[in-house]
Amino acid sequence: EDQVTQSPEALRLQEGESSSLNCSYTVSGLRGLFWYRQDPGKGPEFLFTLYSAGEEKEKERLKATLTKKESFLHITAPKPEDSATYLCAVQARGTDKLIFGTGTRLQVFP
Amino acid sequence: SAVISQKPSRDICQRGTSLTIQCQVDSQVTMMFWYRQQPGQSLTLIATANQGSEATYESGFVIDKFPISRPNLTFSTLTVSNMSPEDSSIYLCSVETSSSGRAWDTQYFGPGTRLTVL
């Protein structure tokens, strides 16, 4: 069964303190792995799509990496505005369905 | 990317009634999806709606409870029928489109409809 597990569930960082969020997955042939950011009361905001092991993508303070079993979202020198829930999802080959993890709730305090 | 709007943004409904949620996209898309996000949980796909064909429902979701319309390439509706408090959730529509030249790329989400059933 296709499955996504995210850790930690919650993370508190001081402003400027870099860290990483983990997304472990099992899928019957990976079509894509997705990272989203979700603010309270809003829909998920697309961040990255990764397609194959070894791929990396960056956007501002965020960098996503992918291996055959997991993905990491690295946050460098975070700011309070980076506080949000970060969701990871996988899409298996032959399907359009996204399977989501339960997310990591990130708080960055000054 | 795609700009997606949903109506209503939130509603409070009585048990046994029905609510229709609208989803409008600013460009023509083939694939539209409806997800549910229950309190404190992640997103679960309800169904996939392609224009010109019947919606495809995931296990645990049925057409009588969640009828979907897809009259054109920019619009879809989801109805939550005969509601109970267990239907209290955020309902989100999404579309699959390309931003990198691939035939497909990712799914973009609307802002969601927050439904509370009393």
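The preceding data block contains the structure.
Report on the accompanying structure. (Residues numbered from 1 in each chain as written. Chains lettered and ligands numbered in written order. Predicted model: local features only at pLDDT ≥ 70, side-chain atom pairs only at ≥ 80, totals over all residues. Heavy atoms only, no water.)

**Here's the deal with unusual backbone geometry**
In this structure, the amide linkage connecting Ser7 of chain A to the following residue, Pro8 of chain A, adopts the cis form with an omega of -10 degrees. Assignment of secondary structure puts Pro8 of chain A in the loop between β1 (3-7) and β2 (10-14). In this structure, the amide linkage connecting Lys7 of chain B to the following residue, Pro8 of chain B, adopts the cis form with an omega of -10 degrees. The phi dihedral of Glu60 of chain A falls on the positive side, at around 55 degrees, and the residue is not glycine. Structurally, Glu60 of chain A is set in the loop between β6 (56-59) and β7 (62-66). Under the relative-accessibility criterion, Glu60 of chain A is labelled exposed at 72%. Of note, the phi angle at Ala77 of chain A is positive, near 45 degrees, even though the residue is not glycine. Residue position: Ala77 of chain A is located in the loop between β8 (70-75) and β9 (84-92). A residue is classified by how much of its surface remains accessible, and Ala77 of chain A, at 35% relative accessible area, is partly exposed. (Helix = DSSP H or I, 4+ residues; strand = E, 2+ residues; numbered from the N terminus. Buried < 20%, exposed > 50% of the residue type's maximum accessible area, 1.4 Å probe, protein only.)

**Some thoughts on the interface of chain B and chain A**
At the interface, 21 residues of chain B touch 19 residues of chain A. At the boundary of chain B and chain A, one finds one salt bridge. The interface formed by chain B and chain A contains eight residue pairs in polar contact (both at pLDDT 80 or more). Put simply, the parts of the chain that give the side of chain B that touches chain A at least two residues each are β4 (31-37), β5 (43-50), β9 (89-97) and β10 (106-109) of chain B. Here the side of chain B that touches chain A is built from residues that sort into 10 nonpolar, six polar and five charged. (Contact = heavy atoms within 4.5 Å. Salt bridge = Lys/Arg side-chain N within 4 Å of Asp/Glu carboxyl O. Polar contact = N/O pair within 3.5 Å; in protein donor to acceptor, adjacent residues only side chain to side chain. Nonpolar A, V, L, I, M, F, W, Y, C, P; charged D, E, K, R; others polar.)

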